[in-house]
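Chain residues, written in single-letter form:
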Amino acid sequence: MQPHVIAAVLWAVILGGAGGILTEIGPWYRNLRKPSWQPPDWLFGPAWTVILGLAAWAAVLSWDAAANEAGRMTVIALFAVNFVCHFLWSPLFFARKRPDWALVEVVPLWLSVLALCVMLREFSVLASWLIVPYLAWVSFAACLNLAIVRLNRPFGDVREIS
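Right, let's walk through the structure included here. Starting afresh in each chain, residues are numbered from 1 along the sequence in its written order. Residues qualify for local features only when their pLDDT is at least 70, as the model is predicted, and side-chain atom pairs are given and counted only at 80 or more; totals for whole chains, interfaces and linings, by contrast, use all residues. The basis for every side-chain value is the complete set of heavy atoms in the structure, and neither hydrogens nor water enter the calculation.

## Here's the deal with empty space enclosed by the protein
One water molecule sets the probe size; rolling that probe over the atoms shows where empty space is left. Convention followed: Cavity: a set of points on a 1 Å grid over the protein atoms alone where a 1.4 Å probe fits but cannot get out. Pocket: an open set with protein on both sides within 12 Å along at least five of seven lines, its lining residues, like those of a cavity, having an atom within 4 Å of a point. Grid points are joined across faces, edges and corners, and a volume is the space filled by probe spheres set on the points. Working definition: helices are DSSP H or I runs of at least four residues, strands are E runs of at least two. Numbering for both runs from the N terminus. Amino acids outside the nonpolar list (Ala, Val, Leu, Ile, Met, Phe, Trp, Tyr, Cys, Pro) and the charged list (Asp, Glu, Lys, Arg) are all regarded as polar, and Gly is one of them.
Scanning the model with the defined rule gives 1 cavity of 30 Å³ or more in all. Approximately 30 Å³ is the volume found for the largest cavity. Those elements that provide at least two residues to the lining of the largest cavity are helix H1 (3-22) and helix H4 (69-95). Classifying every residue of the lining of the largest cavity by side-chain character gives 3 nonpolar, 3 polar and no charged.

This is the structure:
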């Protein structure tokens, strides 16, 4: 297996694994008021697995199609920025118990996914399309995050919601 394929797989596995580890479905989360349209908790793991797998495939396609080192560095930079933005959301929402901070953080996350969608097109149209489910899911997640903030605010302290 080539190093860029291993890197893409690791990118997806680390993000998916960290998201799972940092997502504590405990009493605090269970007691939050949530909108009626929230999917069941069990759906998030499989959804992220498919989405991050498609994004890893997009990374490999883009890397393979990059004509030169500058193109490959662009692919690395796009996925690196996205990695950081993606990684930050779960600790803010779950570990810090601050859905309001996570709502602010979801903006750079969404922009990083949009950048992937738009900029990977230069390398591979298919790669760009493989990012669309990621963009759609983060858009949906942002709406869900907003609804949770509206239903439960304020979040000025880390407290158990009863």
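## Re the nonpolar core
General note: in soluble globular proteins, nonpolar side chains tend to be found buried as a group. The condition that has to hold: In these notes, a set of buried Ala, Val, Leu, Ile, Met, Phe, Trp, Tyr and Cys residues joined through side-chain atoms within 4.5 Å is what counts as a nonpolar core. Burial classification: accessible surface area is computed with a 1.4 Å probe over protein chains only, and a residue below 20% of its type maximum counts as buried, one above 50% as exposed, and the rest as partly exposed. In what follows, a contact means two residues having at least one pair of non-hydrogen atoms within 4.5 Å.
If you look at the biggest cluster of nonpolar residues, it comprises 44 residues, and the most contacted ones within it are Trp11, Phe79, Phe93, Leu120, Ile131 and Tyr134. Listing elements by their share of this core, those giving two or more residues are H1, helix H2 (27-30), helix H3 (44-65), H4, helix H5 (99-119) and helix H6 (125-152). With 11 residues, H6 is the single largest residue contributor to this core. If near-sequence neighbours (up to four positions away) are discounted, Phe79 is found in contact with Trp11, Ala55, Ala58, Ala59, Leu116 and Leu120.

## Some points on the packing of H3 against H6
Applied cut-off: The axes used here are C-alpha line fits, helices contributing only the stretch in contact, and every angle between their N-to-C directions lies in the interval 0 to 180 degrees. For any pair of crossing helices, the crossing counts as left-handed if the nearer helix is rotated counterclockwise from the farther one by less than a right angle, and right-handed if it is rotated clockwise.
Put simply, H3 and H6 touch, their axes get as near as 8 Å, and they point 145 degrees apart. Considering how the two elements wind past one another, H3 and H6 form a crossing that is left-handed. For the pair formed by H3 and H6, the contact residues are Phe44, Ala47, Trp48, Ile51, Leu52, Leu54, Ala55, Trp57, Ala58, Leu61 and Ser62 on the first element and Leu126, Ala127, Leu130, Ile131, Pro133, Tyr134, Trp137, Val138 and Leu144 on the second.

## Concerning H6
Here is the rule: Here the expected span of a helix is defined as 1.5 Å times the quantity of residues minus one. Pairing of N or O atoms within 3.5 Å defines a polar contact, subject to two protein rules: one partner must be a possible hydrogen donor and the other a possible acceptor, and residues neighboring in sequence count only if both atoms are side-chain atoms.
Its 28 residues give H6 an end-to-end C-alpha distance of 41 Å, which sits within 8% of 40 Å, the value for a rise of 1.5 Å per residue. By the N-cap criterion, in which a side-chain oxygen at the helix start approaches the backbone nitrogen of a residue two or three places on, H6 is capped by Ser124, the distance to Leu126 being 3.4 Å.

## A look at the environment of Ala67
Within the fold, Ala67 resides in the loop between H3 and H4. Along the chain, Ala67 and Phe123 lie 56 residues apart, while their C-alpha atoms are 8.3 Å from each other.

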